[in-house]
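Analysis of the macromolecular model
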Amino acid sequence: MLNRRTDLALEARELRGDAPGVVCEEGTLEGFPLTTVRIQDSRGAQALGKPAGTYYTLDLTGLTRREEDAFRRAVRAVAALLPPLLKLSDGESVLVAGLGNRAITPDAVGPRTADRILVTRHLVDMAPRQFGSFRPVAALAAGVLGTTGVESGELVRAVADRIRPQAVIAVDALAARRLERLCATVQIADTGISPGSGVGNHRFSLSRETLGIPVIAVGVPTVVDGATLAADLLEPGGGEVPEALRDRPGASLIVTPKDIDQRVEDMAKVLGYGISLSLQSGLTLADLELLLE
């Protein structure tokens, strides 16, 4: 028997139920369901298989249904969740790292989000009188080992060592347990991230331990492991994948929606705008639309 693969703390808790050292709270934010999972100690970390920390899971299903004003509400919701985790003072700089492979659509949410970030570090440096009120923000699409020959985590660390930000926001694609959560859920955590974890390809991790500064992980599930999906369809409440399913043809496939192109583009825009709005408190969403479009 093998565990069902998921990068979402919410789903890990669903599979394992109540556990010591884990606190779960449910609410709403901008009309969207919000679940907060707090892994308080080593007992909770072992039970859920996740590092101790705070995990926000925002359900943006209303965005995929094109509900009224859903985009603006989703941007405001993402923007509201980041400051309590970042805990930055005015003027402190941030590096936003978009992880993943731009050429593979389900893995492109990180690079496409980086494209939507309002970058200001160069403006603050070159024209402080005009742009001194902006927070210095830099963005990096790190690429992947297969195309750059450099681990994305190592590249992010090298850039961080050079420009000395006070925090890093790392955006990456994740794996979920259920199809309905694909490109309809955002997980924001203060625990850092391991690039490639969504497809079981763990690399150099980005965390406070490896970078020496806070690392906020922002993830969107874009894929489901084939065996995990099959097991969940057969036994929705089960916690493990039968070995028989792992031996079947297609069990190692990675499943993604047929309209993944549009879904990734929509989520990248929400994340890019939401992150930018949270970092530039003096701007409104209308201001961002003028500056980024």
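This structure is a prediction, so every number in the text was calculated from the model and none was measured.

**A look at the overall build of the protein**
Scanning the protein from terminus to terminus reveals 14 helices and 11 strands. Here the C-alpha radius of gyration of the protein, 19 Å, is about what a compact globule of 293 residues would show, namely 19 Å. Dimensions of the protein along its principal axes, counting C-alpha atoms only, are 65 × 45 × 40 Å. Taking all 293 residues of the protein together, 52% fall into the buried category. Put simply, 72% of the contacts in the protein that link residues at least 6 apart link residues at least 24 apart.

**So, the nonpolar core**
With 36 residues, the main nonpolar core has L60, V96, I169 and I188 as its most contacted residues. Of all elements in the fold, only β3 (32-39), β4 (53-59), α4 (70-86), β5 (94-99), β7 (167-176), β8 (185-189), β9 (215-225) and α13 (260-279) reach the threshold of two or more residues within this core. Per-element tally for this core: the top contributor is α4, with eight residues. Aside from chain neighbours lying at most four places away, what touches L60 is F32, A74, A184, V186, M267 and V270. Counting residues in hydrophobic clusters, the runner-up holds 23 residues, among them L140, I193, I213 and V215.

**So, the packing of aromatic side chains**
Following the criterion strictly, the structure yields two aromatic pairs and no others. Look at F71 and Y273: their rings are 5.7 Å apart centre to centre, the planes differ by 70 degrees, and that puts the pair in the edge-to-face class. Remark: Y273 occurs in helix α13 and F71 occurs in helix α4; sequence separation between them is 202 residues. Since its relative accessible area comes to 0%, Y273 is described here as buried. With 5.9 Å between their ring centres and 55 degrees between their planes, F131 and F134 make a pair best called tilted. In this arrangement the basic side chain of R73 is found over the ring face of F32, its NZ or CZ atom lying 4.6 Å from the centre. Over the ring of F71 we find K269, and its NZ or CZ is 5.1 Å from the ring centre.

**Side note on the pattern of salt bridges**
Tallied over the entire structure, the rule returns 16 salt bridges. With its nearest N and O atoms 3.8 Å apart, the salt bridge here joins R38 to E25. Here R38, found in strand β3, pairs with E25, found in strand β2 (residues 22-29); they are 13 residues apart in sequence, far enough to count as distant. Assessed through its relative accessible area of 28%, R38 is described here as partly exposed. You can call E25 partly exposed: its relative accessible area is 39%.

**Focus: α13**
With 20 residues, α13 should reach 28 Å at 1.5 Å per residue; the first-to-last C-alpha distance of 28 Å fits that figure. Most of α13 sits out of view: 14 of its 20 residues are buried.

**Quick word on the packing of α13 against helix α14 (residues 285-292)**
The geometry of α13 relative to α14 is characterised by a closest axis approach of 10 Å and an angle of 120 degrees between their N-to-C directions. Our classification of the angle between α13 and α14 gives oblique. Note that α13 runs across α14; the crossing there is right-handed. Of the residues in α14, those touching α13 at Y273, S276 and L277 are L285, L288, E289 and L292. Its residues assigned to classes, the contact of α13 with α14 comprises five nonpolar, one polar and one charged.

**Regarding the side chain of K50**
Turning to its location among the elements, K50 is positioned in the loop between α2 (42-48) and β4. Buried charge K50 goes without a salt bridge, the closest partner of opposite sign being D7 at 4.5 Å. Apart from the residues within four sequence positions on either side, K50 is in contact with T6, D7, L8, A9, A12, I39, A45 and Y55.

**A short note on the packing of α4 against α13**
Interhelical geometry of α4 versus α13 gives an angle of 50 degrees and a closest axis separation of 7 Å. By the angle between their axes, α4 is oblique relative to α13. Helix-helix and strand crossings are classified by hand; for α4 and α13 the assignment is right-handed. For the pair formed by α4 and α13, the contact residues are F71, A74, V75, V78, A79, L82, P83 and L86 on the first element and K269, V270, L271, Y273, G274, I275, L277, S278 and L279 on the second.

**Things to note about the pairing of β3**
The buried count for β3 comes to six of eight residues, which makes it a mostly enclosed element. Inspection of the sheet shows β2 paired to β3 by eight bridges, in the antiparallel sense. By the bridge assignment, E26 is partnered in β3 with T35. Counting the residues that bridge the hairpin from β2 to β3 gives two residues, and of these E30 lies at a positive phi of roughly 55 degrees. In the sheet, β3 pairs with β4 via six bridges, with the strands oriented antiparallel. Bridged to T36 within β4 is Y56.

Analysis parameters
Residues numbered from 1 in each chain as written. Predicted model: local features only at pLDDT ≥ 70, side-chain atom pairs only at ≥ 80, totals over all residues. Heavy atoms only, no water. Helix = DSSP H or I, 4+ residues; strand = E, 2+ residues; numbered from the N terminus. Rg over C-alpha atoms; globule rule 2.2 N^0.38 Å. Buried < 20%, exposed > 50% of the residue type's maximum accessible area, 1.4 Å probe, protein only. Contact = heavy atoms within 4.5 Å. Core = buried A, V, L, I, M, F, W, Y, C linked by side-chain atoms within 4.5 Å. Phe/Tyr/Trp six-rings, centres within 6.5 Å; stacked < 30°, edge-to-face > 60°. Lys NZ or Arg CZ within 6 Å of the ring centre and 35° of its normal. Salt bridge = Lys/Arg side-chain N within 4 Å of Asp/Glu carboxyl O. Expected span 1.5 Å × (residues − 1). Axes fitted to C-alpha atoms, helices over the stretch in contact; angles between N-to-C directions. Parallel < 35°, antiparallel > 145°, perpendicular 65-115°, else oblique. Left-handed = near helix turned anticlockwise from the far one by under 90°. Nonpolar A, V, L, I, M, F, W, Y, C, P; charged D, E, K, R; others polar. Lys, Arg positive; Asp, Glu negative; His and termini not counted. Pairing = 2+ DSSP bridges.

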